[in-house]
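Spelled out from the first residue to the last, the chains are:
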Amino acid sequence: MKYNISAPALRNIKISDPLFSHYADMVAEKLLPYQWAVLNDRLPQVEKSYCVQNFRIAAGEIQGERLGVVFCDTDAYKWLETLAFCLESGRGREFETTADGLIELIGRAQEPDGYLNTYFSLRCPEKKWTNLCEGHELYCAGHLIEAAVAWHV
């Protein structure tokens, strides 16, 4: 049997349940701005992530050493994915221009052959694709792909 399955457009889905609509609103109103501040190391009481800074270093826009956990690129990707879903539901519009800038920055950090992972690009390029079990390259790539799909759904 062949089934034609199609997903409804996210913009046509409305969360009206008081509990879940409250959480969807909180994500757009509280989480997006908070996480953007974290990604940019703007909250002195929160441990630095170095996420956006690492992309700027990889893009050649600033000098410095790549810092933070090996997989911190994913934080930017998950923020973009979350924003994409918020935008589809009519929330988070104030971050649309910010997202465009982050997407462009990520593009500038990408290597000419398409490779994109600030840890390996900046810290140990000779080890690219040598430890797929523990190197987090596939993990980071997966989150980037999920963000891209969310933006184009």
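(A) Region of the structure containing the nonpolar core. With 22 residues, the main nonpolar core has F55, W79 and L102 as its most contacted residues. Counting only elements with at least two residues in this core, the list comes to α1 (18-39), α2 (51-58), α3 (73-88) and α4 (96-109). At 7 residues, the largest contribution of residues to this core is made by α3. If near-sequence neighbours (up to four positions away) are discounted, F55 is found in contact with D73, A76, Y77, L105, I106, A109, L116 and T118.

(B) Structural context of the packing of aromatic side chains. Within this structure, the stated rule accounts for 6 aromatic pairs. When the centroid spacing of 5.4 Å and the interplanar angle of 90° are considered together, the rings of Y115 and W129 count as edge-to-face. Of the two residues, Y115 sits in the loop between α4 and α5 (118-122) while W129 sits in the loop between α5 and α6 (137-152), which places them 14 residues apart along the sequence. Aromatic side chains Y119 and F120 sit 5.1 Å apart centroid to centroid with 85° between the ring planes, which places their arrangement in the edge-to-face category. We classify Y119 as partly exposed; its relative accessible area is 21%. Over the aromatic face of Y115 sits the side chain of K128, whose NZ or CZ is 4.6 Å from the ring centroid.

(C) Representation of the pattern of salt bridges within the structure. Tallying each qualifying case throughout the model produces 6 salt bridges. Linking E146 and K78 is a salt bridge whose minimum nitrogen-to-oxygen distance equals 3.0 Å. Remark: K78 occurs in helix α3 and E146 occurs in helix α6; sequence separation between them is 68 residues. Classification of K78 as partly exposed rests on a relative accessible area of 29%.

(D) How the structure looks around α2. Buried within α2 we find C51, V52, N54, F55 and I57. Lining the buried residues of α2 we find α1, α3, α4 and α5. Remark: G60 follows α2 within two positions and exhibits a positive phi of approximately 80°.

Thresholds, definitions, all that
- Residues numbered from 1 in each chain as written.
- Predicted model: local features only at pLDDT ≥ 70, side-chain atom pairs only at ≥ 80, totals over all residues.
- Heavy atoms only, no water.
- Core = buried A, V, L, I, M, F, W, Y, C linked by side-chain atoms within 4.5 Å.
- Buried < 20%, exposed > 50% of the residue type's maximum accessible area, 1.4 Å probe, protein only.
- Helix = DSSP H or I, 4+ residues; strand = E, 2+ residues; numbered from the N terminus.
- Contact = heavy atoms within 4.5 Å.
- Phe/Tyr/Trp six-rings, centres within 6.5 Å; stacked < 30°, edge-to-face > 60°.
- Lys NZ or Arg CZ within 6 Å of the ring centre and 35° of its normal.
- Salt bridge = Lys/Arg side-chain N within 4 Å of Asp/Glu carboxyl O.

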